[in-house]
Amino acid sequence: MKLNFILNGENMNIDVPGERRLLDFIREDLHLTGTKEGCSVGECGACTVILNNKAIHSCMTVVGQLEGGELITIEGLEKNGELDAIQKSFIKKSAIQCGFCTSGMVMTAKALLFSNPHPTDEEIKKAISGNLCRCSGYKEIKESIKDAAYNSNKEES
Amino acid sequence: MRKEKDYQYIGKELSNDMSYGKVTGNVKYCGDMQSIGMLHMKLKPSTIAHGYIKNIDISEAESVEGVKAVYTYLNTPDTEFDRGRVANYENVPYQEKLFNRHIRFMGERVAGVVAVSEEIADYACQKIKVEYEELPTAITVEDALKVDAVKIHKEGNICVVPEINYGDYDGCVAENYHKSKTHMGRITHLTMETHASRALFEKSTGKLIIWSPCQTAFGIRSTIADFFNMPYSKVRVIKAVMGGSFGCKQETILEPLTAYAAIHLKADVKLVFTREEQIINTMLKHNADITVESKIHKDGIIEGLSVSAVLDSGAYQTITPSYTSTMGGKLGKVYRLSNLHYDGKSVCTNTPINGSFRSWGSCEIALALENHLNLVAEEMKIDPIELRLKNVKNEYEMDIIKKVPIGNAHFKKCLIQGRDAFEWEKRKKECEEKNKSVRYRYGIGMAVSSHTSSFYPYMVDMANAAIHLQEDGSLIVNVGIHDHGCGTVLAMKKIAAEVMEMDIELIELGEVDTEVSLYDYGCYASRTVYCLGNAVKHCCEKLLVKARTVASIALQCNDRHLIYEDGVFYKENNPKLRIDLKGVSKYCITVMGEDVYETYSYNASEGPGVPAAHFTEVEVDTFTGMVRVVDCLSVHDIGKAINPEICRGQVGSGIQQGIGIALCEDIKIHPKTGKTLIDNLKNYEVTNAFDMPDYKTIFIEEEEENGPFGAKSIGEVVVVPVAPAIVAAVNHALGTKLTEAPLTPSVILEALYEEN
């Protein structure tokens, strides 16, 4: 199918089978390999991307669902050489070890802050409960999201 | 060298190596690698647990457009190899082949397809028709141990490991005798990155290049090169960025397959496992049954200990005999024992293969032994911490099995600081108070354990570094490191930067590439920081000696009159007379006609212990059988935390996995059919961010004399004491004597039912 959508801020017009798995389309056709495959059944969150401001599992989504929408992958967060507040906080707070969950975790956090710029600790925990990390006890990740929310809000006020 | 208070890097928080690349999605893991003409491999799993392939028809698969090759036992070599071999002189079981006619577990690969895309390879796999001749099975250890059990391998099902005897357990006498049996279930390591391997046959050079997120690039190289009878110099293994291991990437599993296809097709071949394939077709953490007997004096002093372990190796022995043997070796690390006996068996079953797991046996021994001692404490009405304080080793006591001192290891401090910080006595009373509620019961539990920091004296533990000063004063450090993602590259850079007193940004330190790296066994046994860190530290010191000599010649003064500070040599009484490292390099190259580099081989002569104590409080819902960890504390004697925040992250990881072992993670295999009943994350219970309890970490940092900047290990020990502490807390809450793990709701409800 002919597909129109916005990818990381750029208009895209691509001919692609609508039933193709979004994760494969992103990784294999667009060569954006920052989005990871961890379980293929929507349980680990490694493949999380943002479609129309919502975090979705790209392993459970087909390309047809992109039509007319706006897709953000991890590669789209850095703007003009500046990292997103969440990315900066993940680096600052030592939330990155093996890094394989990082892309999905950051995207989930980004979507959370889109809809809820002042999340409570409980809301942060809930938001990332579908993103598994095996290298940590989630503490540094939760602190990073809190820190990013705080910094974003500070910048805006 | 700088004094501790002036350290610029050691113990300071810096972002992990490759953080920018990881947080922007730019780092390429093995599965992310793409190339023009790259081929993809998929494996076809067996549908029976035990039997022979009677007929395998690959004609339809071969005719699928885009398929380049289909491999089975009929068209691949019969050569046996062993996934656990990390060096060519190791004595290992050698039971595996690329493809076997004899199928030994359900899901075992029967064929492999290489095609232009993963989808085509997958489709062609489905077109392969296999007829089997089924054999009787031995799915459980109990089945496999029977006298008339089917022989899964010609050598039989059982491998008995050498006994360990110290003193005389049978002859020793004490007032109290206790016996307990602990069962531990299977879990999956659940690395976020599944297994992946890429192999490229480079036509222009005739070399085979393998990318692998592995723990032992040299181990893979020797296994592959010996398999194909190639010179080691023609096989190049490059350690790819690793998305977690916890032991499951310690062994050579996918590489022989991709290597075979790459050589056969003279191509670039990638194989990336799905989660299901990783669970069934790589390795799981052993299920084990461990019996502990003890003779204990009435004052709580242990007179003798006897431990007997039976491990399920799964369908191939691979590393399990060695693992079982190593478990016994862990018994000398924590307690002062006069009489000790250990025996162990590794038993083959028709189930997926079990293998290396974080702590290589410390976890299993701790669960059995700490369960035992917690039950003993309860029976003898001694506080479990008091019981430990009476029996744990003091600093520098001997490990009676390894016959080396345990180093500056502080068990008592771990116990006492933990007891105070956790408010043990106060919580104990609070639990009693809270347990007046009908539905929820509360309990506290603790456990103590240790691990190692090298594999000395099991074998010579050598680590090598080569350091090369660049013409601009920057530094390239070559050390055979495999970072699991837990910050070991950063730790090495910090060590180098601290010794060299230079900006860490000027230091490049890549991971292993067998073509350019000096030899290394691999990064396991928690040896990286202690052994490789020492190699880097001593090599930097040696380089500075060389640089000082060059500086003294360049400045025409006695080297004893030179002070080195922040990357500059200057004359003590005339600081204007100075030369920086860039100047040293320039002078050495242009005037002396030499390059500035040094090499160093470090030989560990100890494996310092890393005491750890875990304290936990649980809530048990007696209606549902659900157990929730309310709060917990891990205390670790780490020597010196080089990356404190990342080390704390690892503690969290250990707690998460420990909770999994204790309460929920369980790969169940059908006891009759051998089918893996839990094969993806839909039905595998794991502790997510929402379920993860609050936890605290205390590091005891009393430097280890010979550790680099006093450091010891952390990466494996973090998981070791967690599960037994939780089991104890559940028993405390319910008044039960449970010893199995995981304590799933059904186990808890059954125990409550029996109690009533």
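These figures come from a predicted structure and were not determined experimentally. (Residues numbered from 1 in each chain as written. Chains lettered and ligands numbered in written order. Predicted model: local features only at pLDDT ≥ 70, side-chain atom pairs only at ≥ 80, totals over all residues.)

## Focus: the packing of helix α5 (residues 217-228) of chain B against helix α6 (residues 255-265) of chain B
Residue and element names in this part refer to chain B. To be explicit about the condition: Axis definition: a line fitted to C-alpha atoms, over the contacting stretch in the case of helices. Angles run 0 to 180 degrees between N-to-C directions. Secondary structure elements follow DSSP: runs of H or I no shorter than four residues count as helices, runs of E no shorter than two count as strands, and numbering proceeds from the N terminus. Each angle receives one of four descriptions, namely roughly parallel if under 35 degrees, roughly antiparallel if over 145, roughly perpendicular if within 65 to 115, and oblique otherwise. Handedness of a helix crossing follows the sense of rotation of the near helix relative to the far helix, less than a right angle counterclockwise being left-handed and clockwise being right-handed. Residues are defined as contacting one another if the C-beta atoms placed from their backbone atoms lie within 7 Å.
The contact between α5 and α6 brings their axes to 10 Å, and the two run at 45 degrees. Here α5 lies oblique to α6, going by the angle between them. In this structure, the crossing between α5 and α6 has a hand that is right-handed. Taken together, the residues of α6 that come into contact with α5 (itself represented by Ile220, Ile224, Phe227 and Phe228) are Glu255, Pro256, Ala259 and Ile263.

## Considerations on the environment of Glu60 of chain B
Within the secondary structure layout, Glu60 of chain B lies in helix α2 (residues 59-62). Through-space distance from the C-alpha of Glu60 of chain B to that of His264 of chain B is 21 Å; in sequence the pair is 204 residues apart.

## What about the interface of chain B and chain A?
Stated formally: Any residue outside Ala, Val, Leu, Ile, Met, Phe, Trp, Tyr, Cys, Pro, Asp, Glu, Lys and Arg is labelled polar, Gly included; the first ten of those are nonpolar and the last four are charged.
Opposite the 45 residues of chain B that make contact, chain A presents 41 residues. For the side of chain B that touches chain A, the secondary structure elements donating two or more residues are α1 (19-23) and α16 (644-664) of chain B. The element best represented in the side of chain B that touches chain A is α16 of chain B, accounting for 7 residues. By residue class, the composition of the side of chain B that touches chain A is 17 nonpolar, 20 polar and 8 charged.

## Digging into the domain arrangement of chain A
All names here are of chain A. Let me state the cut-off plainly: Here the limits of each domain have been adopted from an automatic or database domain assignment.
Structurally, chain A comprises domain 1 (2-76) and domain 2 (85-156). Centre-to-centre, using C-alpha coordinates, domain 1 lies 21 Å away from domain 2. Facing 14 residues of domain 1, the contacting portion of domain 2 comprises 14 residues. Only β3 (48-51) and β4 (54-57) provide two or more residues apiece to the side of domain 1 that touches domain 2.

## As for the sheet that holds strand β15 (residues 302-314) of chain B
Residues and elements named next belong to chain B. What counts here: Strand pairing is defined by DSSP finding a minimum of two bridges between the two strands.
The 5 strands lie next to each other as β7-β16-β15-β14-β8, forming an open sheet whose pairing is mixed. The open sheet is flanked by β7 (158-166) and β8 (176-184), the only strands paired with a single partner. Across the sheet, the axes of successive neighbouring strands diverge by a mean angle of 10 degrees, strand direction being ignored. Relative to strand β16 (residues 339-348), β15 is paired through 10 bridges, and the arrangement is parallel. Paired with Leu311 across the bridge in β16 is Ser346. Those strands touched by helix α8 (residues 320-329) are β7, β15 and β16, and its axis lies near 165 degrees from that of β16. Strand contacts of helix α9 (residues 362-380): β8, β14 (288-296) and β15, with the helix running at about 140 degrees to β8, the strand carrying the most contacts.

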